[in-house]
Structures are given as C-alpha cells and as structure tokens.
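Below, each chain spelled out in residue letters.
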Amino acid sequence: MDGLISFATAVGSILTSWSALDVVWATLLGIIVGMLPGLTATLGVALLTTLTFKMGADQAILILICMYVGAIYGGSRSAILLNIPGTPANAATALDGFPLARAGKAGSAMAIATTGSVFGSFIGMIALAVIAPVLAEFALSFGAYEFFWLAVFGVLISGQLTSLDDPIKGWIAGFLGLFIATIGQEGIYAVPRFSYGSTDLSGGIGLLPAMVGAFGLAEILTVMRHEAYEAVRAKTDSVWSGIRSSYKYKMTALRSGLIGTLMGLIPGVGEDMGAWASYAAARQSSKNKEEFGKGSVEGLLAAETGNNAAVPGALIPVLTLAVPGSAPAAVLLAAMIIHGIRPGPLIMIESPGFVYSVVAMVFLATIAMGVLGLLLTRPLVLVLKVTRERLMPIIFVLCIVGAFAIASRTFDVWVMLFFGVFGFILRELKYPMAPLILGIVLGDILDKSLRRGLVLSDGDLFQFFNRPISMVLWISALLFILVTMPSIRKWMGRAFKPKTEGGVK
Amino acid sequence: MSQPAMNKADFISSIVLTAFGIGVIVESLRLPRLENLSVNPYTVPGIVPGFIGIFLTLAGFFIFIRSIRRRGWDLRLNKDHAITWISSPMVKRTAVTMIITMGYAIFLFPHIPFWIAAPIFIFVFVVATESMKYGKLPGGVRLLTALALAVAAGLVINYVFQDLFFVRLPGG
C-alpha cells in the first residue's frame, strides 16, 4: 500500500510540474533516436546523460528513462518501414513487420508494434514495482561470495546469450571488460594498475566515454561501411485495424511480456534477447507457425512486447543490485551514481521512494510513447528520409562533445576514439559489445568481492561454493552454459531421442 | 564476413589475444605485493587481473587451435582478390569515414574553436561521403544545404553545451 501511495505521489508530482513537458520531449526524442538506423538506445541514453548531468537527479533520471523507453520502441519504425532495425532490439520486429509493410499494411504493423510495446512496458513496470523491493531485501543477505558469483554469473550469461553461435567470444568480450575495469587505482590499497605513470589512466577508464565510443563511433563506422538504406516509400493504412488485431493475441502478448521481463532481469542480456526469446516462444506455441517471417501479426506483437518489457525488467537489477540488465541500463546506472543516487541492496532503506518514482517514470514514459506513437504515425515517417551522410557527422560531433563534457578533459575523447575503433574491430570479428560493457561495470564488484572473500575464508575456495545463494548462482550459471552449448545440446538430443527407428523392433 | 575469412581473422586475432593474456599475467605478477605493509596475500592488487589474464590466454589459445583446425592459418593472399577488396566501395567508405573522423577528433577538436571546427568537419564529411554515394561532387543545391546544415549544427551544439550547460569546449 505504501508503494502504491509513493507511486501515485510521484505520478502526481511529475504531472503537475514542468517535468510533464520533459516526459513528452524526451520520449519523442527517444522515438526519433530509436528510429534512425545507427542511433541506438544506449547511445541516446549516453549522450543525454552528458546533457543532463547538471540537472537535478529526479529530472535527469526521468529524461533518461523516457529516452530509453522511447528508443527501444522507436526502433520498430525503421524495422517495419525499411527492414533495418533502428536498434538491435528490433531485429526480430523486422522479420514480420517489413513483410506486413510491403503488403500495404504499414499502418497496422506500426499500431501492432505500439500496442505490444505499451503492453510489454506495463507488464515490466508491474514486475519492477513488485520484484524490486523484494529483491532488494533479499540482496541484503548478499556478502562478498554472493557478489563475486553475481558478477561472474552476469558476465558469463551475458556473453553466452549475446553470442549464441560462438559463446567463447561473448565470454572473451566480458573478460576484456573486466580487465578494462582493473585499469587505474584499485579500490582496497589505491595501488595504480596498468597505468604506467599516467595520471589520467590512474583515474581509471570512464564508463560513459567507453560506451559512447563502443556504441557511437563504432556504430557510425558500421553504418557507413554498409550500403545506404533507401528512403521510405511504403504506403500506410489505418492504425486502428492493427490495434484490433493485436487484441486477438492477448495471451501471446502476456507471455511475451513475462519472457521479456525475465530477459531484462538477467544481467547484461536485455532487450535484444527479450525480443528473440518472446518471438521464438510465440512461434513455438502458435497455430499458424508457417506465417512467421511472412508477416505474422503474432510474431510482430511478440517481438515488440518482449523488447519493451525488458526495459523495466533491466531496471530491477540496476536498482536492487547495482548490476545492469542491459547496455542502456548500464548507462542509466552510471547516471544514477553521477547524480548521487546509490543503487544497490540498501536502496529500499536509504531512499525507498526512489524505486516507486522510477516505476512512475516508466509508467508516464509508456503512456507518452503510446500516444505519440499512434498520433504521429505519419509525421514520424519523415524522420526516415534523413540520409546517413548528413546524420552521422552530427552524431560524431555529439559523441566527441559528449565524451569531453563529462569531466572537461581531452583524455576522455581519446578513450571514446579507442573504444570506437576497438569496438568496430570486435564487432567485425563477431564479438558482442554488451558483455564488454557489463564487464567494465562489474569489474570493481568482482575485484573487491573476490579479494574480500579470500580474506574471509583465509584462502579456502570451498567457501565460495558452499553457501546457499552462491550455490544457486554458480550451479545455475554452469547448467545454463552447458545446456546452451551446441555440442552438449547435440549430445542430449541423441541421448534422449525416442528409439523409434532401429532401436525397437 | 565469410567463414573462411572469419577463420583467418580468428587465427590472427587469437595470436594477439593470447599474447595480450600472457602480457596481463606478467604485468599482474609485477604489480606491488605490499609485503612491507604486511597485507594479506589474498588481497594483493595483481590477483584479479592475474586470473583475468589466465582466462584470456586460455580462451585465445582455444580459438587459435580452432582456427588452425579450420585452416585459418592459410593466409596466402590472392592478389586479384586483395585489389578487388581494397577498391570496393565498402572499404573506401570505411576508410574515408575513419580518416575524416580521426582527423577532426585529433587535429581540429583540441586546437581550433569548436564553432569553427565542427562546421568544417560536418561539411567535409557530407561532401566527401555524398560524392562517393553519387559518384560525383554534389551539385549547387546539395552543397548549399550541406553548408547550411554544417553551420546550423555547429552553432546549435556550441550554444547548447557552452551557454546552456557551461561546458568550456577546447580550442576556444
């Protein structure tokens, strides 16, 4: 009940102040950022963090959440109209959205995407309100061992899920991120590591310049490398028929919302997997499997519900464990710390109202997203007429100024450039970016927890394995990794195959 | 990237990764152990980077072996293929983007006032990439709109950061 009152108070205070205007412009900007190929939600949140760090904490976090929610939804527009996902989270959307647009049903497709996104966001929001306080209380019992395993679990699972074809590359990306986090003064004795006398390196590698590089410059280089997209020419029909047809698949939407939220909850996995897992589950249980990939309303609805449900889902570990559920959530975590908010197990004790303020922010961003998305269907299509040749240089200037503005030092610009080129090379070699960023975020937790744990146990590694929560974390990470490994899956497939041919006569 | 090309890229990158992992282990061992402060040996600063180095070395070695089994070691260059690849529009676009962006970031941004440097960069980028796209220098209207875009974007970004957010940009 207290939570509901805090939520209502937060909604009321936003709506009765200038912050209501922030909700509208930030969500609209998010939709536009998401729509434009080459601009991801992560980059949008990162650039806006540099623009909002002189604002008050509540106002800045509200703007960033609106950007995050809007961008993940906005990516569906280019996926439907151009067959180019605006953000990686909308890749599954393009599979059925684009065939629908080609069939002259672009308006319906956009309405289905909007309905799914709004529904998914609401499911995730309810989960955020219900799970976050419980998880925060539960996390109070976490010690060094549990935080160590949480960091290992996050890096391994994120590496596994973002690089399903070749998990070792995902793990390498995660461990490279962990290594990057060790650069600079360590947190126990303040000994500088890998800084070789550089005062800038002694201060460590900033997360924001690294993210702006890995998701900004690397994306610019990737976009410019590929062929230009054609300006949109699809005809749009009425949006209302799309809303009506979404209603027919309400159970698919509910299931996708739950799957998306769960994917958001898992550290470093986020919206991309939220969409793909929901899409796969929808196809598995659909009566019309053959329509998937050819313009299935159910497939489109599942993908868009799943990715937007992952947004509030990814905020749950941010608030309660200080562990990001996705790449944009990692920036949001950094922004919260910049603004003096301390996410983690103590959040419900130190600032209990903040969790419900975040729920209220997601709620208002979702409403703004739905209203703007439906009302501005046709005008927003014009955004896609901007060519990459004219957009990318402006984005690059924003990346440079954004990296510089955080601490007014040129070193951060070099960090941004390094991560841009390094990220581009890694992408070309099929190394995912999300585990790298998660590794940078979790590096400090892993470092301190392992060393503290070893002191507490006097070097007895067994202590890391035999505590109940530690046990759950390492066993589930191990099982998950084993089950998703192609060679193990093949072996299991053979072992459990019914003996129908040759085996039984 | 095709699978044979990826195998070759994996072969080279795994050597770099393994060498890097070994370097991290060596540098971790060289980090101070603070014996003079009698610190607990389990908390020495090199312990975590050392473990990370071991993982990177093993993972790099795994990819190295895998790339050898997939014939990634066969790095013989086909001269015709190499020339076709270098002169492909994709490589040209990437190279031009890289040169212009790095040129701006390294030479213009730190040394020239932002409100001059940013429009120059935007204009040069638009003209260079549109020339590649259309196969010729953009016409009068395109040049004019590119110039207007460059000046407007440079001035707006300069105003937002310097005057609204009080960020003192370098070079000015």
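Chains are numbered independently. Their residues run from 1 in the order of the written sequence. The order in which chains are written sets their letters, starting at A; the order in which ligands are written sets their numbers, starting at 1. Only residues with pLDDT of at least 70 get local features here, since the model is predicted, and only at 80 or more are side-chain atom pairs given and counted; chain-wide, interface and lining totals rely on the full set of residues.

Helical segments are the DSSP runs of H or I of at least four residues, strand segments are the runs of E of at least two, and each set is numbered from the N terminus. Within chain B, the regular secondary structure consists of six helices and zero strands. Scanning chain B from its N terminus toward the C terminus, one meets helices and strands in the order α-α-α-α-α-α. Based on C-alpha atoms, the radius of gyration is set beside the globule rule, defined as 2.2 Å times the residue count to the power 0.38. On C-alpha atoms alone, chain B measures out to a radius of gyration of 25 Å, which is more than a quarter above the 16 Å that the 2.2 N^0.38 rule sets for 172 residues. Taking the principal axes of its C-alpha atoms as reference, chain B extends roughly 65 × 55 × 20 Å. Exposure criterion: with C-beta atoms placed from backbone coordinates, a residue whose C-beta has 20 or more other C-beta atoms within 10 Å is buried, one with 12 or fewer is exposed, and one in between is partly exposed. Counting every position in chain B, which comprises 172 residues, the buried fraction comes to 28%. Contacts here follow a simple rule: the backbone-placed C-beta atoms of the two residues must lie within 7 Å. For chain B, long-range pairs separated by at least 24 residues make up 71% of all intrachain contacts whose partners lie at least 6 apart in sequence.

A tally of regular secondary structure across chain A gives 23 helices and two strands. The C-alpha radius of gyration computed for chain A amounts to 22 Å, which stays within 12% of the reference 23 Å derived for 505 residues, consistent with globular compactness. Its C-alpha atoms give chain A principal-axis dimensions of about 75 × 65 × 55 Å. Counting over 505 residues, chain A shows a buried share of 61%. The contacts in chain A between residues at least 6 apart in sequence include a share of 79% that link residues at least 24 apart.

Here we come to the environment of A:Thr387. Among the structural elements, A:Thr387 can be located in the loop between α18 (377-381) and α19 (388-405). Between the alpha carbons of A:Thr387 and A:Leu36 there is a distance of 9.5 Å; along the sequence they are 351 residues apart.

Further remarks concern unusual backbone geometry. The phi dihedral of A:Asp458 is positive, around 55°, even though this residue is not glycine. With respect to the helices and strands, A:Asp458 occurs in the loop between α21 (434-456) and α22 (468-484). Judged by local crowding, A:Asp458 falls into the exposed class, with 9 C-beta atoms found within 10 Å. Unusually for a residue other than glycine, B:Leu34 sits at a positive phi of about 55°. Within the secondary structure, B:Leu34 is located in the loop between α1 (3-30) and α2 (47-69).

Another aspect to go through is the interface of chain B and chain A. The partner chain A presents 44 residues to the 49 residues of chain B that form the contact. Listing elements by their share of the side of chain B that touches chain A, those giving two or more residues are α1, α2, α4 (89-108), α5 (114-134) and α6 (140-164) of chain B. Counting residues per element, the side of chain B that touches chain A draws most heavily on α2(B), at nine residues. Residues are sorted three ways: Asp, Glu, Lys and Arg are charged, Ala, Val, Leu, Ile, Met, Phe, Trp, Tyr, Cys and Pro are nonpolar, and all the rest, Gly among them, are polar. The residue inventory of the side of chain B that touches chain A, partitioned by class, reads 37 nonpolar, seven polar and five charged.

When cut into domains, chain B gives domain 1 (3-76) and domain 2 (82-164). A straight line from the C-alpha centre of domain 1 of chain B to that of domain 2 of chain B covers 38 Å. Boundaries between domains were set according to an automatic or database domain assignment.

Below, the discussion takes up the nonpolar core. Of all hydrophobic cores here, the largest spans 221 residues; its most connected members are A:Leu64, A:Ile65, A:Tyr68, A:Val359, A:Val397 and A:Ile437. Both domains that furnish three or more residues to this core are identified here as domain 1 (3-76) and domain 2 (82-164) of chain B. Excluding anything up to four places from it in sequence, A:Ile437 contacts A:Gly177, A:Met211, A:Ala214, A:Ala327 and A:Ala330. Buried Ala, Val, Leu, Ile, Met, Phe, Trp, Tyr and Cys residues form a nonpolar core when they are connected through C-beta atoms within 7 Å.

Residue and element names in this part refer to chain A. Here an angle of 0 to 180 degrees is reported between the N-to-C directions of two axes, which are lines fitted to C-alpha atoms, with helices fitted over the stretch in contact. The geometry of helix α10 (residues 207-225) relative to helix α20 (residues 410-428) is characterised by a closest axis approach of 7 Å and an angle of 50° between their N-to-C directions. By the criterion of interaxial angle, the relationship of α10 to α20 is oblique. Where α10 crosses over α20, the handedness of that crossing is right-handed. Facing α10, whose interface residues are Pro 209, Ala 210, Val 212, Gly 213, Ala 214, Gly 216, Leu 217, Ala 218, Leu 221 and Thr 222, α20 presents Asp 412, Val 415, Met 416, Leu 417, Phe 418, Phe 419, Gly 420, Gly 423, Phe 424 and Arg 427. Working definition: roughly parallel below 35 degrees, roughly antiparallel above 145 degrees, roughly perpendicular at 65 to 115 degrees, and oblique for all remaining angles. Handedness of each helix crossing follows the sense of rotation of the near helix against the far helix: counterclockwise by less than a right angle gives left-handed, clockwise gives right-handed.

In this model, chain B carries an average pLDDT of 90, and 99% of its residues clear a pLDDT of 70 or more. Reported confidence for the predicted complex is 0.93 by ipTM and 0.86 by pTM. A residue's pLDDT is the predictor's confidence in that residue, given on a scale from 0 to 100.

Let us now look at the confidence of the model for chain A. Mean pLDDT over chain A stands at 87; residues scoring 70 or higher make up 96%. The model gives residues 500-505 of chain A a pLDDT under 50, and that stretch makes one contact with residues more than four places away or in other chains.

On to the packing of helix α4 (residues 57-82) of chain A against helix α17 (residues 352-375) of chain A, then. Residue and element names in this part refer to chain A. Contact geometry of α4 with α17 gives a least axis separation of 9 Å together with a crossing angle of 45°. As the angle between them shows, α4 and α17 are arranged oblique. Of the two possible hands of crossing, α4 and α17 adopt the one that is right-handed. Packed against α4, whose contacting residues are Asp 58, Ile 61, Leu 62, Ile 65, Cys 66, Val 69, Gly 70 and Tyr 73, the element α17 presents Ser 357, Val 358, Met 361, Val 362, Ala 365, Thr 366, Ala 368, Met 369 and Gly 373 at the interface. When its residues are assigned to classes, the contact of α4 with α17 shows 12 nonpolar, four polar and one charged.

Another point: the environment of A:Ile425. Residues and elements named next belong to chain A. Turning to its location among the elements, Ile 425 is positioned in helix α20. Of the residues examined, Ile 425 has 14 C-beta atoms within 10 Å and is grouped as partly exposed. With 204 residues separating them along the chain, Ile 425 and Leu 221 place their C-alpha atoms 9.9 Å apart.

This next bit is on the environment of A:Gly75. Mapping A:Gly75 onto the fold places it in helix α4. Separated by 41 residues in the primary sequence, A:Gly75 and A:Gly34 place their C-alpha atoms 4.3 Å from one another.

We now examine helix α12 (residues 250-265) of chain A. Residue and element names in this part refer to chain A. Relative to the 22 Å expected for 16 residues at 1.5 Å per residue, α12 spans 23 Å between its end C-alpha atoms, a close match to the ideal helical length. Among the 16 residues in α12, 12 count as buried, and that is most of the element. Along its buried surface, α12 packs onto α6 (106-139), α13 (270-285) and α14 (297-321). Expected helix span is taken as 1.5 Å per residue step, with the number of steps being one fewer than the number of residues.

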